[in-house]
Amino acid sequence: MIMPSAHQWVEGETLVQHFESRGISRREFMEFCGEMAVILGIGSAATPRIAEAFEAAKRPSVIWLQLQECTGCVESVLRTESPTIGDLLLDVISLDYQHTLMAGAGAAVEKAKQAAMSANKGKYLLVVTGSVPLKEDGMYTVIGGRTAKTVLEEAASGAAAILALGACAHWGSVQAARPNPTGAVGVRDVIKNKPILNIAGCPPIGDVVTATVVHYLTFGRLPAVDGEGRPLFAYGKRIHDQCSRRAHFDAGQFVETFDDEGARKGWCLYEVGCKGPATFSPCPIFMWNDRTSWPIGAGHPCLGCTEPHFWDTMTPFYGRLPDVGGFPVEERADTIGLALAIGAAAGVAAHGAATVFTQIRRRRSTNQVPESTSEEESHNG
Amino acid sequence: MTTRVGALGGARDLFGRVQRVFARERGNFTWVYLWSAPIRAMHWIAAACILSLIATGFYIARPYFATSGEASAHFLMGRVRFVHFAAAAVLVMTGIVRAYWLMVGNQFERLPALFPVTGKNISNLVKTAGSYLTFRPDKQPNFVGHNPMQQWSYTAVYAMAVVTVVTGFTLYGQSAPGSVIFRAFSWLPPLLGGLQGIRVIHHLMTWAFILFIEMHVYFAIRSDYVERAGVVSSIITGGRYISIDHSYEDYDIAKVPSHPWPTGEYRAPGKSE
Ligand code: HEM
Ligand code: SF4
Ligand code: SF4
């Protein structure tokens, strides 16, 4: 009901007709389908199938909850790439509730949400951005007088599937970093009985969401996922294995400070803390802002934002090894290791010397001549 | 006796003294066979692997050499990683040999030798530790094979190797998601704070190995010198001489002549074969 587009998709109109009325040609539409086929990794041969599915598409109803979050993910998704995919996505789906984008507010939209949920019970797609705070009975996030947990549970009960969009909905993100004062958790920690797809990232790249929706419409199910519940077409490979700076890694060419010669030459950011070797994300391929660039491309090490608990496990962001329980391993471990190694060397030397001297003293006091070891003494004396 | 002067002379004097203190004792000796050829081979191959894994691992952790010019002209990190992974593969093979020998080896090589848990063993462990701490090798219980302290430290180093190999292969599998190695270890990162947790453990284990090697080398040489136990030569030739005038905690010397060494390697000194 609340469409940001000026051209509403009227009942009975096919999607293609609707696109035409919006000035999107058949050719552009096919290009979009082809691009989606590529992003999904199913090959351009699948393009007609996607087009067909779209033409016959019954608009899926989507409820979008924003819980404990910063709206950054919404921003990211609305900036998806051409052909005006953000618009297209919002045209293809019937976005029945999204409290930031909606024109209305207050009791009226809450009522509309209830109506949409009961009309499409068991069929709508639930998109969630934001985490669920559990401490103090969840009072850290209250929407329309009800806690995030209640709102989520209610919406999830009638959903066909859930898209947990962004690091907050995935596992809690920055508010769940130690010591997690609000007890923030992700959707998967609250909802156990629905298929949940984690679109990881802080924020995720919008194209992943678009492609996921396209997959859902084309095949009627969610795409295949990895152990973290992230779609494999996007999160199936490490940044490090797709990185444009990888040749410098293999060559042994590393940036040491952000203003050195290596930095100017675009060398590998491994030594300044790049988490690409530990991060599964499509950043190097999909890139950001209409494929303009991406963090490593722009000279900044990857922070590892698509991995769970990255605020704790990937910090310090400019160091290679993480702190363990607040202890700076990177800075100290090698120093301590070296000190222990030197200590052990000194220790064994001292032990050896002490053994020799106690033996000499013992033999002197028992007046034994070393060359004639007596029989009552132990053989190894 | 000539009087030696100068630092070198002093050092030689000291060395001579030490040698006389631990002079070879006299009596009747017999040669016992302890370590089968595969165990000895495995020991030295694993040692070489671990040393090269430490050297290459430190380069991976902190690439101190840099190359300049075109990236296409170099493959330094690539090569170092290749050596690391090749040595890792060989280390795993030595581990397989060792695991097999835990089942088919002799008394000193079998699995129970790694876990000296009986009461007598514990009391010998305490006695051995006491003798090390008070610098009294003469108070040490006699063993033909390893004393309980050595046994436990070798059990520990096998455990360290398992941890390092498992964390290493977990990291290794990441470049090929879906591969057998990746899937075999995919359960691990979530338990240990993700891949970065795995990396830290792998890194710290390197220091644990360095500490182990220092102490291992010292104690081995020390037993050779102080206990005249011949352990260094035993891991080269397979056996050592033991005095037949003493009793051993892990070996019934009285039975030796009538019960030759299981592998038939028993040779009594002075008797022709
Ligand atoms: C004694 C045995 C070993 C030692 C001392 C050792 C040492 C190291 C060290 C110090 C690092 C750097 C860690 C860091 O700070 O990031 C490293 C990295 C690594 N090691 Fe080992 N390692 C050993 C065995 C193994 C084994 C058995 C494997 C199995 C394949 C392995 C695979 C790796 C991998 C994959 C990396 C990361 C390389 C990269 O991401 O480019 N290591 N090792
Ligand atoms: S910049 Fe980061 S992701 Fe790219 S090759 Fe270097 S370490 Fe790997
Ligand atoms: S480069 Fe790394 S930190 Fe940056 S957006 Fe991509 S996954 Fe997140």
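Below is a summary of the structure that appears in this document. What you see is a predicted model, and the numbers here were worked out from it, not measured in a lab. Each chain has its residues counted from 1, running along the sequence as written. Going through the entries in the order they are written, you letter the chains from A and number the ligands from 1. Reporting of local features is limited, given that this is a predicted model, to residues whose pLDDT is at least 70; pairs of side-chain atoms are given and counted only at 80 or more, and all residues count toward the totals for whole chains, interfaces and linings. Only hydrogens and water are set aside; all other atoms, that is, all heavy atoms of the structure, feed into the side-chain values.

This part is about the overall build of chain A. Numbering of helices and strands runs from the N terminus; a helix is a DSSP stretch of H or I covering at least four residues, while a strand is a stretch of E covering at least two. Counting its secondary structure elements, chain A contains 15 helices and nine strands. Counting all 381 residues of chain A, 56% fall into the buried class. A separation threshold of at least 6 residues defines the contact pool for chain A, and within that pool the share at least 24 residues apart is 71%. Surface exposure of chain A reaches about 16300 Å², of which carbon and sulfur atoms provide 57%. Accessibility here uses a 1.4 Å probe with only protein chains present; expressed as a share of the type maximum, an area under 20% marks a residue as buried, one over 50% as exposed, and anything in between as partly exposed. Residues count as neighbours in contact if any of their non-hydrogen atoms are within 4.5 Å of one another. Here the open area of atoms and residues is found with the Shrake-Rupley method and a 1.4 Å probe, where only the protein chains shown may cover a residue.

For the rest of this paragraph, the subject is empty space enclosed by the protein. Residues and elements named next belong to chain A. Of the grid points, spaced at 1 Å and generated over the protein atoms alone, those admitting a 1.4 Å probe that cannot get out make up cavities, while open sets with protein on both sides within 12 Å along at least five of seven lines make up pockets; any residue with an atom within 4 Å of a point is treated as lining. Grid points are joined across faces, edges and corners, and a volume is the space filled by probe spheres set on the points. Under the definition given, this model contains eight cavities of 30 Å³ or more. His240, Cys243, Cys268, Leu269 and Cys274 are the residues nearest the centre of the second largest cavity, which is lined by 13 residues in total. We call Asp, Glu, Lys and Arg charged. Ala, Val, Leu, Ile, Met, Phe, Trp, Tyr, Cys and Pro are nonpolar, and the rest, Gly among them, are polar. For the lining of the second largest cavity, the residue count by class is nine nonpolar, two polar and two charged.

This part takes up the site of ligand 3. For each residue, the test is whether any non-hydrogen atom lies within 4 Å of the molecule or strand; if one does, the residue is near. Residues in close proximity to ligand 3 include Ile239, Ser281, Cys283, Trp288, Pro295, Cys302, Leu303, Gly304, Cys305 and Thr306 of chain A, which together make up its full environment. For the shell around ligand 3, the residue count by class is seven nonpolar, three polar and no charged.

Bringing unusual backbone geometry into the picture now. Residues and elements named next belong to chain A. Omega for the peptide link from cysteine 202 to proline 203 comes to -5°, which places this bond in the cis form. Tracing the backbone shows proline 203 in the loop between β9 (196–199) and α9 (206–219). For the peptide bond that leads from threonine 315 to proline 316, omega is 0°, which places it in the cis range. Examined against the element boundaries, proline 316 turns out to sit in the loop between α14 (310–313) and α15 (329–365). A positive phi is found at threonine 71, a non-glycine position, where the angle reads about 75°. Positionally, threonine 71 belongs in the loop between β1 (61–66) and α4 (72–78).

Here we come to the site of ligand 1. Within the structure, ligand 1 sits among 25 residues, and Arg320 of chain A together with Arg81, His84, His202 and His203 of chain B are positioned closest to it. What surrounds ligand 1 is not a single chain but chains A and B. Counting of polar contacts relies on pairs of N or O atoms within 3.5 Å, with two restrictions inside protein: one atom must be capable of donating a hydrogen and the other of accepting it, and residues adjacent in sequence are counted only when both atoms are side-chain atoms. One nitrogen or oxygen atom from the side chain of arginine 320 of chain A is found 2.7 Å from an oxygen atom belonging to ligand 1. One of the side-chain N or O atoms of histidine 203 of chain B is found 2.6 Å from an oxygen atom in ligand 1. Elements with a minimum of two residues in the shell around ligand 1: α2 (37–61), α3 (76–104), α5 (148–173) and α8 (194–227) of chain B. Taken together, the residues that form the shell around ligand 1 break down as 15 nonpolar, seven polar and three charged.

This brings us to the side chain of serine 131 of chain B. Residue and element names in this part refer to chain B. Within the secondary structure layout, serine 131 lies in helix α4 (residues 119–133). Judged by relative accessible area, serine 131 falls into the buried class, the value being 1%. Polar contacts involving the side chain of serine 131 include one to the main-chain carbonyl oxygen of threonine 128, which spans 3.0 Å. A polar contact of 3.3 Å, which involves the side chain of serine 131, links it to the side chain of glutamine 140. Residues in contact with serine 131, not counting those within four places in the same chain, are Arg136, Pro137, Lys139 and Gln140.

Residue and element names in this part refer to chain A. In this description, strands pair whenever DSSP reports at least two bridges between them. Taken in spatial order, the five strands line up as β2-β1-β3-β7-β9 in an open sheet, and their pairing is parallel. Strands at the two margins of the open sheet, each flanked by one partner only, are β2 (94–98) and β9. Between one strand axis and the next, the sheet turns by 20° as a mean value, whatever way the strands run. Taken together, the four bridges between β1 and β2 define a ladder with parallel strand orientation. In the strand pairing of β2, tryptophan 64 is matched with glutamine 98. Its contacts with the sheet place helix α7 (residues 148–157) against β1, β3 (124–129) and β7 (159–165), and it is angled at close to 155° to β3. Every axis in this analysis is a line fitted to C-alpha atoms, fitted for helices over the stretch in contact. Angles between the N-to-C directions lie between 0 and 180 degrees. Together, β3, β7 and β9 form the strand contacts of α9, whose direction differs from that of β9 by roughly 150°.

This brings us to the pattern of salt bridges. By definition here, a salt bridge exists when the distance from a side-chain nitrogen of Lys or Arg to a carboxyl oxygen of Asp or Glu is within 4 Å. As enumerated under the stated definition, the model contains 15 salt bridges over all chains in all. Note that lysine 113 of chain A and glutamate 110 of chain A form a salt bridge whose closest N and O atoms lie 3.8 Å from each other. Placement of both lysine 113 of chain A and glutamate 110 of chain A in helix α6 (residues 107–119) is noted, with a separation of three residues, approximately one turn of the helix. Exposure remark for glutamate 110 of chain A: the relative accessible area of 22% places this residue in the partly exposed category. Here lysine 120 of chain B makes a salt bridge to glutamate 249 of chain B, at a shortest N to O gap of 3.7 Å. Pair noted here: lysine 120 of chain B is in helix α4 and glutamate 249 of chain B is in the segment after β2 (239–243), with a separation of 129 residues, a long-range link. Of the residues examined, glutamate 249 of chain B reaches a relative accessible area of 31% and is grouped as partly exposed.

A cluster of nonpolar side chains, Met139, Tyr140 and Val142 of chain A, forms an exposed patch at the surface whose accessible area comes to about 290 Å². Within the secondary structure, methionine 139 of chain A sits in the loop between β4 (132–133) and β5 (142–143). Residues with no salt bridge and a relative accessible area higher than 30% make up the patches, which join like charges within 9 Å and nonpolar side chains (Val, Leu, Ile, Met, Phe, Trp, Tyr) within 5 Å.

Every contact between the two is made by 56 residues of chain B and, on the other side, 56 residues of chain A. A buried area of about 5000 Å², summed over both sides, lies between chain B and chain A, and 58% of it is on carbon and sulfur atoms. The interface formed by chain B and chain A contains one salt bridge. A salt bridge links aspartate 334 of chain A to arginine 62 of chain B, with the nearest nitrogen and oxygen atoms 3.2 Å apart. Counting the contacts that link chain B with chain A gives 17 residue pairs in polar contact (both at pLDDT 80 or more). For the side of chain B that touches chain A, the elements supplying multiple residues, two or more each, are α1 (6–21), α2, α3 and α8 of chain B. Per-element accounting of the side of chain B that touches chain A gives the leading share, 15 residues, to α8 of chain B. Of the residues that constitute the side of chain B that touches chain A, the class distribution is 29 nonpolar, 14 polar and 13 charged. A 1.4 Å probe defines the accessible area here, and the buried area is the portion of it lost by two parts on being joined, summed over both.

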